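Observations on the model geometry
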Amino acid sequence: MAKAVWRGGALLAPVPPALVTCGTMEEPNVLTVAWTGIVCTHPAMTYVSVRPQRHSYGIIERTGEFVINLPTSAMAKTVDFCGMKTGAKLNKIERCHLELLPGETVSAPVLADCPVSLECRVTEAKPLGTHTMFLAEITAVQVEERLIDSKGKLNLQQAGLLAYAHGEYFAIGRKCGDFGFSVRKKRR
Ligand SMILES: Cc1cc2nc3c(=O)[nH]c(=O)nc-3n(C[C@H](O)[C@H](O)[C@H](O)COP(=O)(O)O)c2cc1C
């Protein structure tokens, strides 16, 4: 297959367009962050890369806490809106009618409408260029109970999560395998 070669760019897709909450239950803010991921299993570590110009930047820097909330495809408009408007001028939580739940391990609020929320405590702020990477430990995970079956298994395919790829939003679609299925022996 012939390939065009472009100069290096931030083209990793799909990524989660996370709704990242910060601040407190009394003074919350939310912004959309696509530059996020998992960097270690044990201890569970993640990062969000945030431009210093963002209103949320100072809040995360000051409090050392944030929550990564994974939105559903039904929340696509909210996700885009929270990535277009700044909390410096507008209360996005109120405008988007987002319900807040308290964090278990952080003061930053959790979004009730998101099926999965990762509570995070910053361990390092690393300026990289346009963005500063807040490396963080995941101190608790809140999961919607309806997604957990009687055996305690999390069925994330029922969550209807949203994906972001090269400037466009997608509803995650058809399941086409699971971890290790390529080498698993069939039960007779
Ligand atoms: C899909 C999407 C992804 C985004 N990803 C990031 C990101 O990874 N880092 C960042 O600093 N801003 C990102 N933004 C922009 C911020 O969400 C946006 O500037 C927001 O208004 C900042 O809000 P705040 O000023 O209330 O913190 C993204 C926006 C969208 C729509």
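The following paragraphs examine the structure supplied in this document. (Residues numbered from 1 in each chain as written. Predicted model: local features only at pLDDT ≥ 70, side-chain atom pairs only at ≥ 80, totals over all residues.)

**Digging into the environment of Asn69**
- By secondary structure assignment, the location of Asn69 is in strand β5 (residues 65–70).
- Along the sequence, Asn69 and Ala125 sit 56 residues apart, while their C-alpha atoms lie 20 Å from each other.
- Those residues in contact with Asn69 that lie beyond four places of it in its chain are Ala18, Leu19, Thr21, Val110, Leu111, Cys114 and Ser117. (Helix = DSSP H or I, 4+ residues; strand = E, 2+ residues; numbered from the N terminus. Contact = placed C-beta atoms within 7 Å.)

**Remarks on the site of the ligand**
- Around the ligand lies a shell of 22 residues, among which His55, Ser56, Gly83, Thr86 and Gly87 are the nearest.
- It is strand β2 (residues 28–33) that contributes the most residues to the shell around the ligand, 4 residues altogether.
- Partitioned by chemical class, the residues of the shell around the ligand number 9 nonpolar, 9 polar and 4 charged. (Near = placed C-beta within 6 Å. Nonpolar A, V, L, I, M, F, W, Y, C, P; charged D, E, K, R; others polar.)

**Comments concerning unusual backbone geometry**
- That bond from Ala13 to Pro14 is cis: its omega, 0°, falls within 30 degrees of zero.
- Residue placement: Pro14 occurs in the segment before β1 (18–23).
- Of note in this structure, His97 is not a glycine but carries a positive phi near 55°.
- Turning to its location among the elements, His97 is positioned in the loop between α3 (92–95) and β6 (100–101).

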